[in-house]
Amino acid sequence: MSDALLSVRDLRKRFGEHEVVTGVDLDVVQGEVVVIIGPSGSGKSTFIRCLNSLEAPSGGTVVIDGTTVSAGDAKALDRLRKDVGMVFQDYTLFPHMSVMANMTLAPVKLGRMKRAEAEETALKLLDRVGLRHKADAYPSELSGGQQQRVAIVRALAMKPRLMLFDEPTSALDPETVGDVLNVMKELAREGMTMIVVTHEMGFAREVADRVVFFDAGKVVEAAPPTELFNTPKEARTQQFLANVLH
Amino acid sequence: MDFDVNYLIEQWPALLDGVLMTLQVSLLAIGFSLLIGVVGGAIRLFRLPLLSQIVVLYVELIRNTPILVQLFFIFYGLPAVGLGLSLYWSGVLCLSLWAGAYQIENIRGGLATVERGMLEASRALSLRPTQYFCLIALPIAVRTSLPASLNTAISLLKNSSYLQAIGLAELTFVAVDRIATDFRAIEMFSAICVIYLSLVAVLALLTGRLSAYLQRPFQHQ
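Residues numbered from 1 in each chain as written. Chains lettered and ligands numbered in written order. Predicted model: local features only at pLDDT ≥ 70, side-chain atom pairs only at ≥ 80, totals over all residues. Heavy atoms only, no water.

A. Just the sheet that holds strand β7 (residues 162–166) of chain A, in detail. Residues and elements named next belong to chain A. Strand order in the open sheet formed by six strands is β6-β7-β8-β3-β9-β10, with mixed pairing between adjacent strands. At either margin of the open sheet sits one strand with a lone partner, and together these are β6 (84–87) and β10 (218–223). The mean angle between the axes of side-by-side strands here comes to 20°, regardless of whether they run parallel or antiparallel. Pairing geometry for strand β3 (residues 33–37) and strand β9 (residues 210–215), over four bridges, is parallel. Its bridge partner lying in β9, Val34 is registered against Arg210. The strands that helix α1 (residues 44–51) touches are β3, β6, β7, β8 (193–197) and β9; relative to β7, the one it contacts most, it runs at about 150°. (Pairing = 2+ DSSP bridges. Helix = DSSP H or I, 4+ residues; strand = E, 2+ residues; numbered from the N terminus. Axes fitted to C-alpha atoms, helices over the stretch in contact; angles between N-to-C directions. Contact = heavy atoms within 4.5 Å.)

B. Molecular detail of the interface of chain A and chain B. Facing the 25 residues of chain A at the interface are 21 residues of chain B. Across the chain A/chain B interface, buried area totals approximately 2,200 Å², and carbon plus sulfur atoms make up 64% of it. When the buried area of chain A at its contact with chain B is split by residue, Phe94, His96 and Ser140 of chain A rank highest and sum to 24% of it. The tally of links between chain A and chain B comes to one salt bridge. Summed over the shared surface of chain A and chain B, the result is six residue pairs in polar contact (both at pLDDT 80 or more). Secondary structure elements with two or more residues in the side of chain A that touches chain B: α2 (74–83), β6 and α3 (99–109) of chain A. Tallied by class, residues from the side of chain A that touches chain B come to 13 nonpolar, five polar and seven charged. (Buried area = accessible area lost by both parts, 1.4 Å probe. Salt bridge = Lys/Arg side-chain N within 4 Å of Asp/Glu carboxyl O. Polar contact = N/O pair within 3.5 Å; in protein donor to acceptor, adjacent residues only side chain to side chain. Nonpolar A, V, L, I, M, F, W, Y, C, P; charged D, E, K, R; others polar.)

C. Layout of the UniProt feature "domain: ABC transmembrane type-1" (unreviewed entry) in chain B. Under the local residue numbering, the UniProt record ascribes the feature "domain: ABC transmembrane type-1" (unreviewed entry) to residues 19–207 of chain B. Counting secondary structure, residues 19–207 of chain B comes out at 80% helix and 0% strand; the distance between its end C-alpha atoms is 20 Å. (UniProt positions renumbered as here; feature names shortened; annotations may be inferred.)

Written as structure tokens, this is what we have:
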């Protein structure tokens, strides 16, 4: 696929003797939403963390929009990270800064925007997730779901071309999961390219263009959601889905 | 035995000179020692090769030798290898190096409490390591390490009285010097005890203000 925004070839990550990601190929085109599911410890989080080099891959290549990132190339990495936003399981808002300061810090410090412009952008983004009135609040004043919505728009403030979500709802209490998923659905509708690691099968079914099933550091099966959930081909996928869907 | 208050009033100008010297030297040294603490703490945090080992060696050396020996080493020892400093700067250097070693440990302790997620979030936002350290890690760490840093600053202020041993005219030197001629030991030592207590109280008060300010974002938890 030549028009792929993200192209991963034979990606490997080893921790000591243990290889956690064991040769993954994946192409993601502009505007595509890819949801990665799989059992705990299957390497899906490690995989997604390799995509913006929070983990340095042990082997293989990641090409994002024509920029190849192979292990140890710091400059390519720098350029790449600015185009890739990431949302973590535990929000990771900076606790000593207001919501507004959290959102404007990176765009201003990296010279992407002037402060006034960054603040205007931040307010617009907060509006979209219904949190404009919390611009001056500190993270400790927000619920988990609110914090995660801020974390999402903080990443969007950098105007990324690709958004990575690493189990964004796993740490939330059930009541606020819906708010966060709605924001992500909205984002998908607007055409953002997204890779989402999640246990939310409902979200995968509804929003994903393609669902990727991970096990033992490998892609076992990848297909559109109706196909993967209704007629999975691999025995391992069938077994996993039988367990999570009851 | 009587306590002559008038004597103290009479000696006040001399005592005030001593206080001012103590304050000058201490405040400068508190500033320098915090600087040493931040730089040393960063070196330890990022585990910079070689520099990290040097910092460890420095901290151990300072913490395991008497401050008086360190002072004599600077004032009497260094001139022998052509590094002579004035009385004043010998005093500032000694206190800065002494407290700096403790501030490194204080700030390192604070940095250790900063969650790993903060570093990852900073990296995901493309912030540079120096931006992460100055804008994220250090402000979070300072809040945690403030009580320990204040203790070190208070110890520094009290330890400034060692500087009388090399003849710097700070508060204790003034008192001892007066006693040698006037034999009013109880008055003088009472007076400087009260003065030291007051200086420490002011320092603690200012730190309390700073602490309350840093606590603002967290008061809802």
